[in-house]
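The lines below spell out each chain.
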Amino acid sequence: MAQARVVIRGAALEMGEHLLKTTRLASLTELINVMFSRYGRHLETTWEVLPAFDLDECAPLAKSVPTVGEQKSAPAADFTFDEQSTTDKSNQRTTAK
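Cut-offs and rules
Residues numbered from 1 in each chain as written. Predicted model: local features only at pLDDT ≥ 70, side-chain atom pairs only at ≥ 80, totals over all residues. Heavy atoms only, no water. Helix = DSSP H or I, 4+ residues; strand = E, 2+ residues; numbered from the N terminus. Buried < 20%, exposed > 50% of the residue type's maximum accessible area, 1.4 Å probe, protein only. Areas by Shrake-Rupley, 256 points an atom, 1.4 Å probe, with all protein chains shown as cover. pLDDT = per-residue confidence, 0-100. Expected span 1.5 Å × (residues − 1). Patch = residues over 30% accessible without salt bridge, like charges linked within 9 Å, V, L, I, M, F, W, Y side chains within 5 Å. Salt bridge = Lys/Arg side-chain N within 4 Å of Asp/Glu carboxyl O. Polar contact = N/O pair within 3.5 Å; in protein donor to acceptor, adjacent residues only side chain to side chain.

Draft legend 1. Region of the structure containing the overall build of the protein chain. Counting its secondary structure elements, the protein chain contains 4 helices and 0 strands. Written out in order from the N terminus, the α and β elements of the protein chain read α-α-α-α. Expressed as a percentage of the 97 residues in the protein chain, the buried residues total 3%. For the protein chain, the computed accessible surface area is about 10,400 Å², with 56% contributed by carbon and sulfur atoms.

Below, the structure written as structure tokens:
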């Protein structure tokens, strides 16, 4: 069996101890083995890391991204309210007093 030493930060260690109580596993080693075996593939497929790239390759991309200062005008409204629709109260429900 291969062995490795793992250093766990304080907050992660607290979570590990909590998970030990929840899962009733005997040690942090078992917990890590369970996490790697059950969730390793998920972590591998969902991990998003951008590949390293040269800054010269970014120049064309930066030119195509609009700057914050650019503003587009709002489209003109394609509807109007006529005066009757705002003043006609014949369709309103009345309640008895």
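Draft legend 2. Geometry of the confidence of the model for the protein chain. Per-chain confidence: the protein chain averages 76 in pLDDT, with 51% of residues scoring 70 or above. The least confident element of the protein chain is helix H4 (residues 83-87), whose mean pLDDT is 56; the most confident is helix H1 (residues 10-23), at 95.

Draft legend 3. Representation of H1 in the model. The terminal C-alpha atoms of H1 lie 20 Å apart, and with 14 residues this matches the ideal 20 Å at 1.5 Å per residue to within 8%. The positive-phi residue at the C-terminal boundary of H1 is Arg 24, with phi of around 60°.

Draft legend 4. Structural detail: a nonpolar patch on the surface. Side chains of Met 35, Phe 36 and Tyr 39 sit close together on the surface and give an oily, nonpolar patch of about 360 Å² of accessible area. As for its placement among the helices and strands, Tyr 39 is situated in helix H2 (residues 28-46).

Draft legend 5. Summary view of the environment of Thr 45. You can see Thr 45 is positioned in helix H2. Overall, Thr 45 belongs to the exposed group, its relative accessible area being 64%. One polar contact links the side chain of Thr 45 to the main-chain carbonyl oxygen of His 42, over a distance of 3.1 Å.

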